[in-house]
Amino acid sequence: MTTRQSSPERLEFCGLQIDSTIRFSELRAGNRDSAADLVIANASPRNLRAIPRGSHGAVTATIDEGSLAIRVPMAGGLWVRPGRMEVAASSSRWHARLRPYVLGTGLAAAMYQLGLVPFHVSAVALSGAAVAFSGESGAGKSTFSYAWQRRFGAQMVSDDIARIECDGNGEAVVYPGLLQVKMWKDSLQAFDLGSKGL
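I will try to describe carefully the structure that is included in this document.

What counts, and where the lines are drawn
Residues numbered from 1 in each chain as written. Predicted model: local features only at pLDDT ≥ 70, side-chain atom pairs only at ≥ 80, totals over all residues. Heavy atoms only, no water. Core = buried A, V, L, I, M, F, W, Y, C linked by side-chain atoms within 4.5 Å. Buried < 20%, exposed > 50% of the residue type's maximum accessible area, 1.4 Å probe, protein only. Helix = DSSP H or I, 4+ residues; strand = E, 2+ residues; numbered from the N terminus. Contact = heavy atoms within 4.5 Å. Phe/Tyr/Trp six-rings, centres within 6.5 Å; stacked < 30°, edge-to-face > 60°. Lys NZ or Arg CZ within 6 Å of the ring centre and 35° of its normal. Pairing = 2+ DSSP bridges.

**Observations concerning the nonpolar core**
Membership of the largest hydrophobic core comes to 29 residues, with the highest contact counts inside it found for Phe13 and Ile40. Sorting the residues of this core by element identifies strand E1 (4–13), strand E2 (16–22), strand E4 (38–42), strand E6 (67–72), strand E7 (76–81), strand E8 (84–89) and helix H1 (95–113) as the ones contributing at least two each. The element contributing the most residues to this core is H1, with eight residues. Contacts of Ile40, omitting those with residues within four sequence positions, involve Ile18, Asp19, Ser20, Thr21, Ile22, Phe24, Met85, Val87 and Leu107.

The structure is reproduced here in structure tokens:
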């Protein structure tokens, strides 16, 4: 996630067209031929008072009447309502701590509110087929998908969240999502990758 911009940028995530006033280098450019499914906009940090604080610096989430609110200590918070996500930064150093919640839980909640099912998987494409790796957080989905890219020449389709649906012929279709792979430090070391810029 990078700085704010004045006019909305059209982005795409798992087939959703997004208009965002916050720049996300992790998302693909979208298509302006249709209306936006989701709007992502900046919100005032004063709105954070409406989200309860967690004890001992814990992240808190509340669900109320079809909306989700998440507060991330020392970073800010976000609100997801049908068709809209608002992001409030509590400081200028919010990017690294708040970004995973906006691009993970926030986008998954937005998909769900639009009647779509977000799958917690990492997916790659190989020889015209998609392969999705599922598991709990930290199980190695992203690491495994990266290994397939290096070993077999697979192409990244989505990291962490994917939309999978059947087309008119009954074939499963995986919609492209995040292209930036998240890996733990030990995985980066195993692949001899530096962590600078991650």
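Picking up after the structure, the text goes on.
**Details of the packing of aromatic side chains**
All told, the structure shown has zero aromatic pairs when counted by the stated rule. The ring of Tyr175 carries Arg163 above its face, with NZ or CZ at 4.0 Å from the centroid.

**What about the environment of Cys14?**
Along the chain, the position of Cys14 falls in the loop between E1 and E2. For Cys14, a relative accessible area of 0% puts it in the buried group. Here the alpha-carbon distance between Cys14 and Ile164, two residues 150 residues apart in the chain, equals 8.7 Å. Ignoring anything within four residues of it in the chain, the contact list for Cys14 reads Met111, Ile161, Ala162, Arg163, Tyr175, Pro176 and Gly177.

**Here's the deal with the sheet that holds strand E14 (residues 172–175)**
Strands sit in the order E9-E13-E14 across an open sheet of three strands; the sheet is antiparallel. The open sheet has two edge strands, strand E9 (118–119) and E14, and neither has a second partner. In this sheet, E14 lies alongside strand E13 (residues 162–166) in antiparallel orientation, the contact comprising four bridges. Paired with Arg163 across the two strands is Tyr175, which belongs to E14.

**Section: the pairing of E8**
Across the six residues that make up E8, a large majority, five, are buried. As paired elements, E4 and E8 share four bridges and run parallel to each other. The residue bridging Asn42 from the neighbouring strand is Val87, located in E8. In this structure, E7 lies alongside E8, joined through six bridges in antiparallel fashion. Directly across from Arg81, in E8, lies its bridge partner Arg84. Linkage of E7 to E8, two consecutive antiparallel strands, is achieved through a turn of two residues, within which Gly83 is found at a positive phi near 80 degrees.

Read these as geometric descriptors, not functional statements.
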